[in-house]
Amino acid sequence: NAGVTQTPKFRVLKTGQSMTLLCAQDMNHEYMYWYRQDPGMGLRLIHYSVGEGTTAKGEVPDGYNVSRLKKQNFLLGLESAAPSQTSVYFCASRSLPDEQFFGPGTRLTVL
Amino acid sequence: AQKVTQAQTEISVVEKEDVTLDCVYETRDTTYYLFWYKQPPSGELVFLIRRNSFDEQNEISGRYSWNFQKSTSSFNFTITASQVVDSAVYFCALSEAFGGGYQKVTFGTGTKLQVIP
């Protein structure tokens, strides 16, 4: 039982490049989330999903897209990376109303 | 809209001192859940406690205790006899039913606790 995994763990991009972050969970949770963590800002919700095939915007969705084609996977895409997207990204899954289970994080640097 | 405020940005205590981390929340809902998470220097997020808005009973788990007061919209966290291993960033979070369910979870900005040996 791996819990929540994130791929990759680290990535460096140049401005304008694109990439996809993969989140996978093996707990059969309906709800999945993407957060970004910046110094002094806590965790801010980017997008979330309440089930396979559904997504919704969170607090800071601009510049990101997501997809939930399979229940166990939640993908976060950056179409044209900007330095402002340098951050640590956390994925989480959850079965309401329980706590969220977080992945180990992805450290992204955009030059 | 839901909001969580952790006014203490950083706290330093000497080992074995008691320390309280404050959490104040705002919600329009009568039914909601509150959480505390710990983020040690290694970076992972560790769940500590969940509290239902209908359960105002305080909880103790070893050296950790939580004081939930609906009247002041606070959910404070106390560490008794702090240890160096308690050094971490602590996050308070709120999940409310308003707006279609408990799906959204809002986090405070965190309190960085440093325990000095």
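These figures come from a predicted structure and were not determined experimentally.

Enquirer: Residues and numbers for the pattern of salt bridges, please.
Expert: Between side chains of opposite charge, pairing is possible as soon as their charged atoms come close. Tallied over the entire structure, the rule returns seven salt bridges over all chains. A:D38 is the salt-bridge partner of A:R36, the closest N and O atoms lying 2.8 Å from each other. We note that A:R36, like A:D38, is buried. Across the pair B:R51 and B:E59 runs a salt bridge whose closest N-O atoms are separated by 2.4 Å. Overlapping salt bridges bring together A:R36, A:D38 and A:R44 as one network.

Enquirer: Please give an account of the interface of chain B and chain A that cites residues and values.
Expert: Each partner contributes residues to the interface: chain B has 17 residues there, and chain A has 19 residues. Counting the surface lost from both chain B and chain A, the interface buries some 1600 Å², and carbon and sulfur atoms represent 61% of this. Broken down residue by residue, the surface that chain B buries against chain A is led by B:L45, B:Q103 and B:F107, which jointly contribute 34%. Viewed at the interface, chain A and chain B are joined by one salt bridge. Residue B:R50 pairs with A:D98 through a salt bridge whose shortest N-O separation is 2.6 Å. For the pair chain B and chain A, the number of links is five residue pairs in polar contact (both at pLDDT 80 or more). Among the secondary structure elements, those contributing two or more residues to the side of chain B that touches chain A are β5 (32-39), β6 (46-52), β10 (88-96) and β11 (105-107) of chain B. Looking at the side of chain B that touches chain A residue by residue, the class counts come to nine nonpolar, six polar and two charged.

Enquirer: An account of the sheet that holds strand β3 (residues 19-25) of chain A is needed here, citing residue identities and associated values.
Expert: Residues and elements named next belong to chain A. The sheet built from four strands is open, its strands ordered β1-β3-β8-β7 with antiparallel pairing. The outermost strands of the open sheet, each flanked by one partner alone, are β1 (4-7) and β7 (65-67). Along the sheet, successive strands turn relative to each other by an average axial angle of 20°, direction set aside. Two strands pair when backbone bridges link them, and β1 and β3 are joined in this way by four bridges, in the antiparallel orientation. Along β3, the bridge assignment pairs T7 with L22.

Enquirer: Residue-level account of the nonpolar core, with values.
Expert: Core analysis: the largest hydrophobic core is formed by 23 residues, its most contacted members being B:W36, B:F77, B:Y90 and B:L113. Counting only elements with at least two residues in this core, the list comes to β2 (10-14), β3 (19-21), β5, β8 (64-69), β9 (74-79), β10 and β12 (111-116) of chain B. The residues contacting B:L113, other than those within four sequence positions of it, are B:I11, B:V13, B:V19, B:I79, B:D86, B:S87, B:A88 and B:Y90. Of all hydrophobic cores here, the second largest spans 19 residues; its members include A:W34, A:V60, A:F74 and A:Y89.

Enquirer: Which residues make up the packing of aromatic side chains, and what values do they have?
Expert: All told, the structure shown has 20 aromatic pairs over all chains when counted by the stated rule. Note on A:Y35 and B:F107: the rings are 5.3 Å apart at their centroids and 85° apart in plane angle, and the pair reads as edge-to-face. Of this pair, A:Y35 sits in strand β4 (residues 31-38) while B:F107 sits in strand β11, placing the two residues on different chains. B:F107 matches A:Y35 in its accessibility class, with the two residues each being buried.

What counts, and where the lines are drawn
- Residues numbered from 1 in each chain as written.
- Chains lettered and ligands numbered in written order.
- Predicted model: local features only at pLDDT ≥ 70, side-chain atom pairs only at ≥ 80, totals over all residues.
- Heavy atoms only, no water.
- Salt bridge = Lys/Arg side-chain N within 4 Å of Asp/Glu carboxyl O.
- Buried < 20%, exposed > 50% of the residue type's maximum accessible area, 1.4 Å probe, protein only.
- Contact = heavy atoms within 4.5 Å.
- Buried area = accessible area lost by both parts, 1.4 Å probe.
- Polar contact = N/O pair within 3.5 Å; in protein donor to acceptor, adjacent residues only side chain to side chain.
- Helix = DSSP H or I, 4+ residues; strand = E, 2+ residues; numbered from the N terminus.
- Nonpolar A, V, L, I, M, F, W, Y, C, P; charged D, E, K, R; others polar.
- Pairing = 2+ DSSP bridges.
- Axes fitted to C-alpha atoms, helices over the stretch in contact; angles between N-to-C directions.
- Core = buried A, V, L, I, M, F, W, Y, C linked by side-chain atoms within 4.5 Å.
- Phe/Tyr/Trp six-rings, centres within 6.5 Å; stacked < 30°, edge-to-face > 60°.

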